[in-house]
Amino acid sequence: MNDRLEAATVRPPERTRVRSGAIRGGLTLLLAVAVLGSKWPGALAQENPPEARPITLEECIRTALLRNRALQIQRLNPEIARDTLSGSRGYYDPVFIGDARRESSSDSGGFDPTDYSRDAIYDAESETARLGLAGVLPTGMSYAFSGSYANSYGIRNFLDFDSYNLYAGVAIQQPLLKNFWIDQGRMTIRVNKKNLEITELGVAYLTMDVINQVQQAYCELLAARDHLAVQERLVAMRSNFQAGLERQVEVGMLTPPDTHLARSQHATAQAEAATARNLVTLSENALRTLLGDAWTDSADVPLAPRERLTAVTALFDLSASWDHGLRQRPDLAQLRADLERADIDLKYRRNQLFPSLDLVAGYGRRGASTIQSTNIGARIAASSSDAFDQISGGDNPSDMIGVIFTMPLMRQTERANYRVGKHLKAQAELLVKQKEELVMREISDALNTARSGLERLRAAGRAVEFARTALTAEERKLAGGKSTLFFVLQLQRDLATAESTEIRAKADYNKAVSQLQFADATLLEAHQIAIEFVEP
């Protein structure tokens, strides 16, 4: 292979949207697995091994976005945060209050020096009802609508009586300083909005991480399969070479001890091929874990990637990567949202330093109807309609307006809480700056690793060409009697080593490019994946 990188034709994938934690797109994954023979994972051997499952990188990515366990768990966090936010808005839900009762009371009278009003003799029944509606507005104003109904009848001081008392009114209280521009309820709602934003960014970050892991695991699988192919070619080469030596022994050109080195090298190649086959299995299992496959259904089904391990030359621009990464990295955006959350908390703590100055006002109407009679046992009845007419006509209005001023003399708790809030915000600012520095270093390291990997790959390609040329020349020299078995076997090993090094270089270069796309947050754009969160 020459030093020119093999180009791969990349077809733009269909745009994928993640909507409320689910994938929306026109692609349907057809996962057809034909299993022949026993499917028990612990079987040591299978007479009819299962057919391989064809896969592509894009199919693996889409499957992981649907079925990856970590991503499924993470996608629940925005739902939890959204429900928490919805619950915090219940702070403004009005509260209905209702109270109805019937009472019977009596008193035989007598003088009470502690309560001069308790010298009446009575035996009365009463029916009362109270209704109310109270709540808080987003301005911090609290309101209360109330109404009451009372009907009392019986005997008092030997007089029959019947009485109706009605009331309807409203009262409000509006903070003017403390709890005016922010209070506990408004702060909780704003903080929960930021919490929702942070959890959504967490899903975006984990989505990028899962895609990056899938790409790297896919590259490892391709590299493992190519490495196995190299080892199998080496085994076949050593087998053919050994067979040629044995024919020479048969015709008397060589003695049996002359083949011992070739036999040893053949056995060594077989051992290394067995190790390479195990590496393929481990790479398949690592990819299955990311895809969320059911182990009992697919652990014994080999994976057959449709793509080849190739390397496409990428353009590296450190400044552009820095700019894009600092603007688009979800984990950095999470810390910025956390800084905004700390600022909301600080505003609330600062507001609590002010004294309470509340404007209070109220308005109400009363209605009453009472009748008494000296005729014991006579049927008398007050008029409830008269009481209602008095309320509707505003015959007995009452109104109130005033202010309530409250201030702790030392405000030690409020001052300490405010200082804590300032420290928390300063800490959040430093965390953002620290993360920006770490992101820039991560991008720089990833870009330099990718550049170095590209240079390494080109050198590895030249090494393969030279090793192949050297082996061909040495085999010709051996055929002409000008070389030895040792040199041919050594050059066969050198060629296999060079091919494995090139495969490793290809895999590492592709993994480095994937890591760079993750670091500068271009990974989703590269796969045309957009993430959307919508309320149910």
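Note: the structure precedes this text.
S.K.: Would you mind showing me how to read the overall build of the chain here?
M.R.: Along the chain, the regular secondary structure elements total eleven helices and eleven strands. Sorting the 536 residues of the chain into buried and exposed places 37% on the buried side. Partitioning the contacts of the chain with sequence separation of at least 6, the portion at a separation of at least 24 is 80%.

S.K.: Looking at this model, I keep getting lost on unusual backbone geometry. Mind explaining?
M.R.: Both trends apply: most residues other than glycine have a negative phi, and most peptide bonds are in trans. The phi dihedral of Arg411 falls on the positive side, at around 55°, and the residue is not glycine. Since its relative accessible area comes to 22%, Arg411 is described here as partly exposed. In this structure, Ala521 takes a positive phi of about 60° despite not being glycine. Mapped onto the secondary structure, Ala521 falls in the loop between helix H10 (485–519) and helix H11 (523–526).

S.K.: In this structure, what is going on with the side chain of Ser283? I would like to understand it.
M.R.: Tracing the sequence through the fold places Ser283 in helix H4 (residues 260–291). For Ser283, a relative accessible area of 8% puts it in the buried group. The residues touching Ser283, leaving out its near neighbours within four places in the chain, are Glu220, Leu221 and Ala224.

S.K.: Looking at this structure, I do not really get the packing of aromatic side chains. What am I missing?
M.R.: Aromatic ring pairs are reported here in terms of the distance separating the ring centres and the angle at which the planes meet. All told, the structure shown has six aromatic pairs when counted by the stated rule. With centroids separated by 5.3 Å and ring planes inclined at 85°, the aromatic side chains of Trp181 and Phe354 adopt a geometry described as edge-to-face. Here Trp181 is found in the loop between strand E7 (159–175) and helix H3 (184–250), whereas its partner Phe354 is found in the loop between helix H7 (330–351) and strand E9 (356–373), with 173 residues between them in sequence. For Trp181, a relative accessible area of 37% corresponds to the partly exposed category.

S.K.: Please explain the pattern of salt bridges as it appears in this structure.
M.R.: Note on pairing: side chains with opposite charge can pair once their charged atoms come close. Enumeration over the complete set of coordinates arrives at 30 salt bridges. A salt bridge links Glu197 to Lys194, with the nearest nitrogen and oxygen atoms 3.2 Å apart. Taken together, the residues span about one helical turn, with Glu197 and Lys194 both in helix H3 at a distance of three residues. Among the residues examined, Glu197 registers a relative accessible area of 32% and is labelled partly exposed. If you follow the salt bridges from partner to partner, you end up with Glu220, Arg456, Arg504, Asp508 and Lys511 in one network.

S.K.: Sorry if this is basic, but what is going on with a nonpolar patch on the surface here?
M.R.: Side chains of Phe96, Leu131, Leu133 and Phe145 sit close together on the surface and give an oily, nonpolar patch of about 420 Å² of accessible area. Owing to a relative accessible area of 34%, Leu133 belongs among the partly exposed residues under this scheme.

S.K.: How do you make sense of the pairing of strand E6 (residues 142–156) when you look at a structure like this?
M.R.: Each regular strand carries side chains that alternate between the two faces of the sheet. Pairing geometry for strand E5 (residues 122–136) and E6, over 15 bridges, is antiparallel. Paired with Ala124 across the strands is Gly154, a residue of E6. Here E5 folds back onto E6, and the loop between the two strands holds five residues, one of which, Gly140, carries a positive phi near 95°. As defined by bridge partners, E6 adjoins E7 across 15 bridges and the pair is classed as antiparallel. Bridging across to E7, Ser142 finds its partner in Gln173.

S.K.: What am I meant to see in the sheet that holds E5 here?
M.R.: In a beta sheet, neighbouring strands pair by backbone hydrogen bonds and run either parallel or antiparallel. The six strands lie next to each other as E4-E5-E6-E7-E9-E10, forming an open sheet whose pairing is antiparallel. Two strands bound the open sheet, and with one partner strand each, they are strand E4 (95–107) and strand E10 (396–406). Going from strand to strand, the sheet's axes swing by 15° on average, the running direction of each strand aside. Alignment of E4 against E5, held across 13 bridges, turns out to be antiparallel. Across the sheet, the residue bridging to Ser104 is Glu125, located in E5. Seen against the sheet, helix H8 (residues 384–393) touches E7, E9 and E10 and runs at an angle of roughly 150° to E9.

S.K.: Could you clarify how one ought to interpret the nonpolar core in this entry?
M.R.: Generally speaking, nonpolar side chains in soluble globular proteins are found buried as a group. One finds Ile55, Cys60, Ile61, Ile211, Val214, Tyr218 and Leu287 to be the most contacted residues of the largest nonpolar core, which totals 39 residues. Of all the secondary-structure elements, those providing two or more residues to this core are helix H1 (57–67), H3, H4, H10 and H11. If you tally residues by element for this core, the top one is H3, at 15 residues. Counting 16 residues, the second largest nonpolar core, distinct from the first, contains Ala450, Ala505, Tyr509 and Val513.

S.K.: What exactly am I supposed to notice about helix H6 (residues 318–328) here?
M.R.: Since there are 3.6 residues in each turn of an α-helix, residues three or four apart along the chain are aligned in direction. Among the residues of H6, Ser321, His324 and Gly325 are the ones counted as buried. Buried residues of H6 fall within an arc of 100° about the axis and therefore sit on the same side. Those residues of H6 that are buried are in contact with helix H9 (412–479), H10 and H11. Residue Asp317 occupies the N-cap position of H6, its side-chain oxygen lying 3.2 Å from the main-chain nitrogen of Ser319.

S.K.: Please explain the packing of H6 against H9 as it appears in this structure.
M.R.: The axes of two packed helices give the description: the angle between them and the distance between them. Where H6 meets H9, the closest approach of the two axes is 10 Å, and the angle between their N-to-C directions is 140°. Comparing their axes, H9 and H6 come out oblique. The two elements H6 and H9 meet at a crossing, and its hand is right-handed. Contact with H6, carried on its side by Leu318, Ser321, Trp322, Gly325 and Leu326, involves Glu436, Val439, Met440, Ile443, Ser444 and Leu447 of H9 and no other residues of that element. Grouping the constituent residues of the contact of H6 with H9 by class yields seven nonpolar, three polar and one charged.

S.K.: What am I meant to see in the environment of Asn278 here?
M.R.: The topology assignment puts Asn278 in helix H4. Sequence separation between Asn278 and Leu228 is 50 residues; the distance between their C-alpha atoms is 9.3 Å.

S.K.: Is there a simple way to explain the side chain of Thr56 in this structure?
M.R.: Considering the arrangement of structural elements, one finds Thr56 in the loop between strand E3 (53–55) and H1. Looking at Thr56, its side chain comes within polar contact range of the main-chain nitrogen of Glu59, at 3.2 Å. With near-sequence residues (within four places) excluded, Thr56 lies in contact with Tyr218, Arg306 and Glu307.

About the cut-offs
Residues numbered from 1 in each chain as written. Predicted model: local features only at pLDDT ≥ 70, side-chain atom pairs only at ≥ 80, totals over all residues. Heavy atoms only, no water. Helix = DSSP H or I, 4+ residues; strand = E, 2+ residues; numbered from the N terminus. Buried < 20%, exposed > 50% of the residue type's maximum accessible area, 1.4 Å probe, protein only. Contact = heavy atoms within 4.5 Å. Phe/Tyr/Trp six-rings, centres within 6.5 Å; stacked < 30°, edge-to-face > 60°. Salt bridge = Lys/Arg side-chain N within 4 Å of Asp/Glu carboxyl O. Patch = residues over 30% accessible without salt bridge, like charges linked within 9 Å, V, L, I, M, F, W, Y side chains within 5 Å. Areas by Shrake-Rupley, 256 points an atom, 1.4 Å probe, with all protein chains shown as cover. Pairing = 2+ DSSP bridges. Axes fitted to C-alpha atoms, helices over the stretch in contact; angles between N-to-C directions. Core = buried A, V, L, I, M, F, W, Y, C linked by side-chain atoms within 4.5 Å. Arc of directions from axis to C-beta. Polar contact = N/O pair within 3.5 Å; in protein donor to acceptor, adjacent residues only side chain to side chain. Parallel < 35°, antiparallel > 145°, perpendicular 65-115°, else oblique. Left-handed = near helix turned anticlockwise from the far one by under 90°. Nonpolar A, V, L, I, M, F, W, Y, C, P; charged D, E, K, R; others polar.

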